[in-house]
Amino acid sequence: MDVYDLWNESLNDIKQRVTGVNVWTALNCAVPITIDGDILVIGLRPQDNSLKGHLSHVGTRRAIEEEVGKRLGKGVTVRVLDGITINDWLAAKERDAEAERIRAEAAEKEGQRVATYSVWEDVFEQISREYGERQQKGMPQNRARFLERCIEICLEHLSGRDELSEFDERALARVIDRIGTYTETPPVFIAYELLKRAGRL
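Residues numbered from 1 in each chain as written. Predicted model: local features only at pLDDT ≥ 70, side-chain atom pairs only at ≥ 80, totals over all residues. Heavy atoms only, no water.

### Regarding the overall build of the protein chain
(1) Moving on: Helix and strand counts for the protein chain come out as 8 helices and 3 strands.
(2) Moving on: The N-to-C order of helical and strand elements in the protein chain reads α-α-β-β-α-α-β-α-α-α-α.
(3) Moving on: For 201 residues, the compact-globule estimate of 2.2 N^0.38 gives 17 Å, and the C-alpha radius of gyration of the protein chain, at 31 Å, exceeds that figure by more than 25%.
(4) Moving on: Judged by the C-alpha coordinates and their principal axes, the protein chain covers about 90 × 35 × 30 Å.
(5) Moving on: Across the 201 residues of the protein chain, 35% fall into the buried class.
(6) Moving on: Across the protein chain, contacts joining residues at least 24 apart in sequence account for 63% of those joining residues at least 6 apart. (Helix = DSSP H or I, 4+ residues; strand = E, 2+ residues; numbered from the N terminus. Rg over C-alpha atoms; globule rule 2.2 N^0.38 Å. Buried < 20%, exposed > 50% of the residue type's maximum accessible area, 1.4 Å probe, protein only. Contact = heavy atoms within 4.5 Å.)

Printed below as a string of structure tokens:
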């Protein structure tokens, strides 16, 4: 069924299910654009954009979706556009795709951040645990031995990583700062020794 015929056939029944002069005005001004899969796309001319909220209201949307879906024999979702042409819909789809790409990229980065945090948090806890088990921590030779052990632990987690992400760098800096506190060693010296051994200078 043509989208215009479908809309016109459904419109009176939709109106019977909603109330309000502004809602009826919005429905009368709405222009059916296309049915894209399960999406019924309707739009408004620029001069009628102030009516968009009435079409997007949950009660109005439900009435449109149910009446149109009943005639199509399947569930539909209403999408209300600023604009009344198929090009307006294509442009909206492009914006949706870009927004989804950005969202997916952000989700991936967040996943990497969480995974990185988990790895370096394990390193952080391991170093803290080993420090707690050390005896005679005040002796410089014991601090030196502990420093060596800490560097070994960090090297184990750096091996196999071709490149450190920003999240890795920040987490590693936190670990190095903690090692510096435990061993009373300048963090920059620890970082220099660690990166030199890892071949990352």
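### Digging into the nonpolar core
(1) Moving on: Ranked by size, the top nonpolar core spans 22 residues in total, and within it Trp7, Leu27, Leu40, Ile42, Leu55 and Ile64 carry the most contacts.
(2) Moving on: Breaking this core down by element, the ones donating at least two residues are α1 (3-16), α2 (21-29), β2 (39-44), α4 (58-72) and β3 (77-82).
(3) Moving on: Considering every element that reaches this core, the biggest residue donor is α1, with 5 residues.
(4) Moving on: When near neighbours in sequence (up to four residues on either side) are disregarded, Ile42 contacts Trp7, Ala30, Val31, Pro32, Ile33, Leu55, Ile64, Val78, Arg79, Val80 and Leu81. (Core = buried A, V, L, I, M, F, W, Y, C linked by side-chain atoms within 4.5 Å.)

### Quick look at unusual backbone geometry
(1) Moving on: Backbone geometry places Gln136, a non-glycine residue, at a positive phi of 50 degrees.
(2) Moving on: The topology assignment puts Gln136 in the loop between α5 (86-133) and α6 (140-158).
(3) Moving on: Residues other than glycine seldom take positive phi values, yet Glu184 does so here, at roughly 55 degrees.
(4) Moving on: Position of Glu184 relative to the elements: it lies in the loop between α7 (166-183) and α8 (187-198).

### Side note on the packing of α5 against α6
(1) Moving on: At a closest axis distance of 11 Å, the pairing of α5 and α6 adopts a crossing angle of 160 degrees. Here α5 is positioned roughly antiparallel relative to α6, judged by the angle of their axes. With respect to the hand of their crossing, α5 and α6 are arranged in right-handed fashion. From α5, Val119, Trp120, Val123, Gln126, Ile127, Glu130 and Tyr131 reach across to α6, where they touch Phe146, Arg149, Cys150, Ile153, Cys154, His157 and Leu158.
(2) Moving on: Residue composition of the contact of α5 with α6, grouped by class: 10 nonpolar, 2 polar and 2 charged. (Axes fitted to C-alpha atoms, helices over the stretch in contact; angles between N-to-C directions. Parallel < 35°, antiparallel > 145°, perpendicular 65-115°, else oblique. Left-handed = near helix turned anticlockwise from the far one by under 90°. Nonpolar A, V, L, I, M, F, W, Y, C, P; charged D, E, K, R; others polar.)

### Re the sheet that holds strand β1 (residues 31-36)
(1) Moving on: Strand order in the open sheet formed by 3 strands is β1-β2-β3, with mixed pairing between adjacent strands. This sheet does not close on itself; its edge strands, each paired only once, are β1 and β3. Averaged over all adjacent pairs, the angle separating strand axes in this sheet is 25 degrees, with direction ignored.
(2) Moving on: Relative to β3, β2 is paired through 6 bridges, and the arrangement is parallel. The residue bridging Ile39 from the neighbouring strand is Thr77, located in β3.
(3) Moving on: Along the sheet, α1 makes contact with β1 and β2, crossing β1 at roughly 120 degrees.
(4) Moving on: Across the sheet, α4 is in contact with β1, β2 and β3; its angle to β3 comes to roughly 120 degrees. (Pairing = 2+ DSSP bridges.)

### Quick notes on the pattern of salt bridges
(1) Moving on: Evaluation of the coordinates by the stated rule reveals 23 salt bridges.
(2) Moving on: A salt bridge links Arg71 to Glu9, with the nearest nitrogen and oxygen atoms 3.3 Å apart. Residue Arg71 is located in helix α4, and its partner Glu9 is located in helix α1; the two are separated by 62 residues in the primary sequence.
(3) Moving on: Glu9 sits in the partly exposed class, given a relative accessible area of 42%.
(4) Moving on: Arg71 gets classed as partly exposed once you look at its relative accessible area, which sits at 24%. (Salt bridge = Lys/Arg side-chain N within 4 Å of Asp/Glu carboxyl O.)

### Quick notes on the packing of aromatic side chains
(1) Moving on: Using the criterion set out here, one finds 3 aromatic pairs in the structure.
(2) Moving on: With a centroid separation of 3.9 Å and an interplanar angle of 10 degrees, the aromatic rings of Tyr131 and Tyr182 are classed as stacked. Separated by 51 residues along the polypeptide, Tyr131 in helix α5 and Tyr182 in helix α7 bring together distant segments of the chain.
(3) Moving on: On the accessibility criterion, Tyr131 (23% relative accessible area) is partly exposed.
(4) Moving on: Of the residues examined, Tyr182 reaches a relative accessible area of 16% and is grouped as buried.
(5) Moving on: Connected via pairs of aromatic rings, a cluster forms that spans Tyr131, Phe146 and Tyr182.
(6) Moving on: When the ring centre of Tyr131 is taken as origin, the NZ or CZ atom of Lys137, which lies over that ring, is 5.3 Å away.
(7) Moving on: Across the ring face of Phe124, the terminal group of Arg174 is positioned such that the distance to the ring centre comes to 3.9 Å. (Phe/Tyr/Trp six-rings, centres within 6.5 Å; stacked < 30°, edge-to-face > 60°. Lys NZ or Arg CZ within 6 Å of the ring centre and 35° of its normal.)

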